[in-house]
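Observations on the model geometry
Listed here are the chains, written in short residue letters.
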Amino acid sequence: MKLADNKATLSFSNGSPSIDLPVYQGSVGPDVVDIRKLYAQTGMFTYDPGFMSTASCQSAITYIDGDKGELLYRGYPIEQLATQCDFMETCHLLLYGNLPDASAKAKFTSRVTHHTMVNEQMQFFLRGFRRDAHPMAILTGLVGALSAFYHDSTDISNPEHRDISAIRLIAKMPTLVAMAYKYSAGQPYMYPKNHLSYAGNFLHMMFATPCEDYVVNPVIEHALDRIFVLHADHEQNASTSTVRLCGSSGTNPFAAIAAGVACLWGPAHGGANEACLTMLEDIQKMGGIAKVGHFMEQVKDKNSGVKLMGFGHRVYKNYDPRAKLMQETCKEVLAALGLENDPLFKLAMALEKIALEDDYFVSRKLYPNVDFYSGIVQRAIGIPVSLFTAIFALARTVGWIAQLNEMIGDPEYKIGRPRQLFTGSVERDVLPISQR
Ligand code: SDX
């Protein structure tokens, strides 16, 4: 970042001395007012719950222009990456800052492939869960448990430890998600197959059984790979900020990523894809497209607490570019599977059309986000609804670990420790219980 010619002057109407605050510029996007010395100079904090106007860090990984609906991974538009690159190239880009050439891609892919197995002891953690445990409960536990197996590489101040942990996490997430699925289905776990692609391996571990050969459907393999690319990173979203804050204490990368998994689970964040599909199924049960108007009235009634899941975004005040690409992937997969008339897809398209013409949504700049169509395509692939967010976590792991490694690699980083505006009781004395 570079110091801008501009500076901010903070003055107070009560006559307190005004102060000058430096303004910094990035390569693109809003400038920042540096308030690091504000408390020392004024004895005051800033107040920004939800971080609506706060840059928590500087980063060179992902940039979003919410007004234009643009998303760049290391400067490359998501539309180009999702159509011209695959997930392994995207992982290399996010981790190391550049798209690999053929040789570097082969080497990186081989490193990931040869770390896809998990320690055999991992399966005993699953046995502690009920078979109907939510996959995100299982995944939160399994990812945290990984830190018990790699004492040789949990020193995050060591760049080599950071790199091998990144490879292990990217490699093992599909295996863990598939194990969570097999456990809930009561089927045996399937080991990774090193000749398969990253997405193909995941499909194999999910849907193959020891009883017969499983052939990966290339259309589904390609669609899943694109879903991974679209979910890979997204600036300082809630779960990435969680990973950064957790990692800033110096804890190991597996524990920090487990915190990210836990945060992503929420329905306002990564859990929205599961909630969105459940919403579509509920509307379908109510009567489908004929009932959309009634449903939309509920959404617009603040007291109903009903939200149009898969719509709206803290940053995008235009169409989420990922939603457009996800809709295209939806159409491709449904056509390939002969499901062009999938009622939920038609319902989603009808909902989107109505929302994009309704002043309630237009005035609030509410557009479909990445979660609106992702559930429909995952359901068409045969992935159970309860696993959607786990697949989001699988894909986002590379973004989380790239952001964590970027933070730890910055010699200026400190442990994150926000302050507060205290509104509770001022000091008072304890009375004996007989006098309370
Ligand atoms: C993800 O941050 C990221 O980058 C996240 C993510 C990533 O890749 O990491 O993009 C992934 O989490 C996408 C978002 C998935 N969540 C959902 O689809 C859940 C539904 N969306 C909402 O909960 C909401 O839109 C949020 C949480 C996504 C954003 O909320 P904000 O920024 O806090 O905005 P807000 O709640 O203040 O909404 C502004 C207004 C409010 O109305 P008013 O008070 O102004 O009258 O819009 C309304 C909200 O009530 N509103 C909605 C709505 N979303 C916002 N009304 C109906 N349906 C919705 N979906």
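Check the entry above for the structure.
As a starting point, this report considers the structure included with it. (Residues numbered from 1 in each chain as written. Predicted model: local features only at pLDDT ≥ 70, side-chain atom pairs only at ≥ 80, totals over all residues. Heavy atoms only, no water.)

Brief notes about the packing of helix H11 (residues 253-264) against helix H18 (residues 388-408)
Packed helices, taken two at a time, are described by the angle between their axes plus the distance between the axes. It is the contact of H11 with H18, at a shortest axis distance of 10 Å, that shows an interaxial angle of 135 degrees. With respect to H18, the axis of H11 lies oblique. In this structure, the crossing between H11 and H18 has a hand that is right-handed. Here Pro253, Ala256, Ile257, Gly260, Val261 and Leu264 of H11 come into contact with H18, specifically with Thr389, Phe392, Ala393, Thr397, Trp400, Ile401 and Leu404. Here the residues of the contact of H11 with H18 are counted per class, giving 10 nonpolar, three polar and no charged. (Axes fitted to C-alpha atoms, helices over the stretch in contact; angles between N-to-C directions. Helix = DSSP H or I, 4+ residues; strand = E, 2+ residues; numbered from the N terminus. Parallel < 35°, antiparallel > 145°, perpendicular 65-115°, else oblique. Left-handed = near helix turned anticlockwise from the far one by under 90°. Contact = heavy atoms within 4.5 Å. Nonpolar A, V, L, I, M, F, W, Y, C, P; charged D, E, K, R; others polar.)

Quick notes on helix H13 (residues 292-300)
Along H13, the positions that sit buried rather than exposed are Val292, Phe295, Met296 and Val299. Summarising the axial view, the buried residues of H13 lie within an arc of 100 degrees, below the 170-degree limit, and thus occupy one face. Looking at the buried side of H13, the elements it contacts are helix H12 (272-286), helix H15 (343-357) and helix H16 (359-363). (Buried < 20%, exposed > 50% of the residue type's maximum accessible area, 1.4 Å probe, protein only. Arc of directions from axis to C-beta.)

Considering the pattern of salt bridges
In the structure shown here, the tally under the stated rule is 16 salt bridges. Note that arginine 111 and aspartate 163 form a salt bridge whose closest N and O atoms lie 2.8 Å from each other. With arginine 111 in helix H4 (residues 102-113) and aspartate 163 in helix H7 (residues 159-185), this pair connects stretches of sequence that are 52 residues apart. Put simply, aspartate 282 and lysine 285 hold a salt bridge, and the shortest N to O gap is 3.7 Å. Of this pair, aspartate 282 and lysine 285 both sit in helix H12, three residues apart, which is roughly one turn of the helix. Judged by relative accessible area, which is 39%, aspartate 282 ranks as partly exposed. Residues participating in the shared-partner salt-bridge network are Asp86, Glu89 and Lys105. (Salt bridge = Lys/Arg side-chain N within 4 Å of Asp/Glu carboxyl O.)

Here we look at the site of the ligand
Near the ligand, the surroundings consist of 24 residues, among which His234, His313, Arg314, Arg322 and Arg396 are the closest. In the model, an oxygen atom of the ligand is placed 3.1 Å from a nitrogen or oxygen of the arginine 364 side chain. Within the contact set of the ligand, an oxygen atom lies 2.8 Å away from a side-chain nitrogen or oxygen of arginine 396. In isolation the ligand has 1000 Å² of accessible area, and contact with the protein removes 77% of it. Here the shell around the ligand is built from residues that sort into 10 nonpolar, seven polar and seven charged. (Near = heavy atom within 4 Å. Polar contact = N/O pair within 3.5 Å; in protein donor to acceptor, adjacent residues only side chain to side chain. Areas by Shrake-Rupley, 256 points an atom, 1.4 Å probe, with all protein chains shown as cover.)

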